[in-house]
Amino acid sequence: MLSTPSGFSECFREWEDLEKDFHQIQDTHRLYKQKLEEVTKLQNSCSGAIARQRKKLKELTLSLEECKQNNSTATISSETVNSIAEIEDSMKDRAHAFFEMEAFLPKKNGLYLSLVLGNVNVTLLNKQAKFAYKDEYEKFKLFLTVILFMFSFTCCFLLSYRVLDALFNFLLVWYYCTLTIRESILISNGSRIKGWWVFHHYVSTFLSGVMLTWPEGTLYQMFRNQFLSYNLYQSFVQFLQYYYQSGCLYRLRALGERHNMDLTVEGFQSWMWRGLTFLLPFLFFGHFWQLYNSMTLFKMFQLPECKEWQVVMCGCSYMVLFMGNLFTTLRVVYQKYMNNQDKSKRM
């Protein structure tokens, strides 16, 4: 500690420098708040303008349809027909442009995020933050997939304790709950994962929660090894999907054929047709294993000693997963097959 006059002088000079820095920090922070208010006004202005444009485009679409109905094709000139076609194409492009714009604008949370997080703005306002969150989501899935594989292997072949099974099911519940929250945030930030590939995580959360509450007993032991073996296989397939889908997405993004916020999924989508069709047998085997689990549980439910409600609820959940996964995968395969047939006919 300085006590000499020269030491005090140095302290005073240091304090004067700190005072100058502090005033600069205040000015910078004042400017930051001013810019933040300007950004907020711009966000509100842009959101309002997009909403008005959408409304007017909808009205224009209805007007064009009415004009088409009121005028026969013969009375409309070819120039008018071409102009209408150009307008309709521009409308489709504009809808895509609005989607891209809104990915950087604050928006109200959906029902699920509102229930979980409340009215918190989850929109990330720059590309770097969006990509970082997406990459962290992908790493989270990969890390938990490996953990679940090791955990299910341990429970299936090494240790047989109900406490470990409960911990494994609790980990599954936490994993799927976390996935649903993160996916909802990513959707708010422009990711285009939708439909069944979102909903099936809710079903998996419910299924894992029911398995967690299934008490120890004869029926639980009858289904235990089948359940753990299924989870072991599922983790293996999910690892394969992540490894090959991430590489495929990287190539397609570099070619400009996929959106930067597209994610790996636990299923089959149209963009996987080139290069990832070898995954289909693994996926179909997993889907029919879900059917096998469901039929096993329904047969167990018919046994006289069956008193647990978890048996039928798990059976119904596996049946929903089987039907959703199978029909969604078949639809994608059929659509791609028909598109390829149309292209070959044109050639």
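Since we're looking at a predicted model, the values are computed, not measured. (Residues numbered from 1 in each chain as written. Predicted model: local features only at pLDDT ≥ 70, side-chain atom pairs only at ≥ 80, totals over all residues. Heavy atoms only, no water.)

Student: Would you mind going over the packing of helix 4 (residues 127-158) against helix 5 (residues 162-188) with me for this structure?
Tutor: Relative orientation of the contacting elements helix 4 and helix 5 amounts to 165 degrees, with a least axis distance of 11 Å. Here helix 4 is positioned roughly antiparallel relative to helix 5, judged by the angle of their axes. Crossing geometry of helix 4 relative to helix 5 is assigned as left-handed. Split into classes, the residues belonging to the contact of helix 4 with helix 5 amount to 18 nonpolar, three polar and six charged. (Axes fitted to C-alpha atoms, helices over the stretch in contact; angles between N-to-C directions. Helix = DSSP H or I, 4+ residues; strand = E, 2+ residues; numbered from the N terminus. Parallel < 35°, antiparallel > 145°, perpendicular 65-115°, else oblique. Left-handed = near helix turned anticlockwise from the far one by under 90°. Nonpolar A, V, L, I, M, F, W, Y, C, P; charged D, E, K, R; others polar.)

Student: I would appreciate a short explanation of the environment of K127 in the present structure.
Tutor: Looking at the secondary structure, you find K127 in helix 4. Through-space distance from the C-alpha of K127 to that of A103 is 9.7 Å; in sequence the pair is 24 residues apart.

Student: So what exactly am I meant to see when it comes to empty space enclosed by the protein here?
Tutor: A probe matching the size of a water molecule, rolled over the atoms, marks out where space remains unfilled. Under the criterion given, the structure shown has three cavities of 30 Å³ or more. Empty space within the largest cavity amounts to approximately 300 Å³. If you go around the largest cavity, you meet 25 residues; those closest to its centre are Y230, Q234, Q238, Q290 and N325. Ranked by the residues each element gives to the lining of the largest cavity, the list is headed by helix 7 (residues 218-254), at eight residues. Each residue belonging to the lining of the largest cavity can be placed in one class, and the counts come to twelve nonpolar, twelve polar and one charged. (1 Å grid on protein atoms, 1.4 Å probe; cavity = no way out; pocket = protein on both sides within 12 Å on 5 of 7 lines; lining within 4 Å. Points joined across faces, edges and corners; volume = space filled by probe spheres on them.)

Student: Please clarify how the pattern of salt bridges should be interpreted in this entry.
Tutor: Opposite charge on two side chains lets them pair, provided their charged atoms get close. Overall, the coordinates contain seven salt bridges when judged by the stated rule. Its salt-bridge partner being R162, residue E216 comes within 3.9 Å of it at the nearest N-O pair. On the criterion of sequence distance, the pair formed by E216 in the loop between helix 6 (196-213) and helix 7 and R162 in helix 5 is long-range, its members being 54 residues apart. A salt bridge links D165 to R224, with the nearest nitrogen and oxygen atoms 2.6 Å apart. Taken as a pair, D165 in helix 5 and R224 in helix 7 lie far apart in primary sequence, 59 residues in all. (Salt bridge = Lys/Arg side-chain N within 4 Å of Asp/Glu carboxyl O.)

Student: Please explain the nonpolar core as it appears in this structure.
Tutor: Most often, soluble globular proteins have nonpolar side chains that are buried together. Core analysis: the biggest nonpolar cluster contains 41 residues, and M211, W214, F223, F227, L297 and Y318 have the highest contact counts within it. Counting only elements with at least two residues in this core, the list comes to helix 4, helix 5, helix 6, helix 7, helix 8 (280-301) and helix 9 (310-346). Among residues more than four places away in sequence, those in contact with F227 are F168, N169, L172, M211 and Y318. Of all hydrophobic cores here, the second largest spans seven residues; its members include I50, L57, F98 and L105. (Core = buried A, V, L, I, M, F, W, Y, C linked by side-chain atoms within 4.5 Å. Buried < 20%, exposed > 50% of the residue type's maximum accessible area, 1.4 Å probe, protein only. Contact = heavy atoms within 4.5 Å.)

Student: Could you clarify how one ought to interpret helix 2 (residues 78-102) in this entry?
Tutor: Residues spaced three or four apart along an α-helix face the same direction, because each turn holds 3.6 residues. The end-to-end C-alpha distance of helix 2 is 36 Å, a good match for the 36 Å that 25 residues give at a rise of 1.5 Å each. Buried residues of helix 2: I84, M91 and F98, and no others. (Expected span 1.5 Å × (residues − 1).)

Student: Mind showing me how you'd approach the UniProt feature "transmembrane region" (unreviewed entry) in the chain here?
Tutor: When the UniProt feature table is mapped to this numbering, "transmembrane region" (unreviewed entry) covers residues 140-161, 197-215, 271-289 and 309-334. The span residues 140-161 is 86% helical and 0% strand by assignment, and the distance between its end C-alpha atoms comes to 27 Å. Here residues 309-334 is 96% helix and 0% strand, with 38 Å between the C-alpha atoms at its ends. (UniProt positions renumbered as here; feature names shortened; annotations may be inferred.)

Student: Help me understand a nonpolar patch on the surface, please; the structure alone is not making it clear to me.
Tutor: On the surface, V146, F149, M150, F236, F239, Y243, F278 and F282 cluster together into a nonpolar patch covering about 730 Å² of accessible area. Mapped onto the nonpolar patch, the elements with two or more residues apiece are helix 4 and helix 7. The exposure class of Y243 is exposed, given its relative accessible area of 52%. (Patch = residues over 30% accessible without salt bridge, like charges linked within 9 Å, V, L, I, M, F, W, Y side chains within 5 Å. Areas by Shrake-Rupley, 256 points an atom, 1.4 Å probe, with all protein chains shown as cover.)

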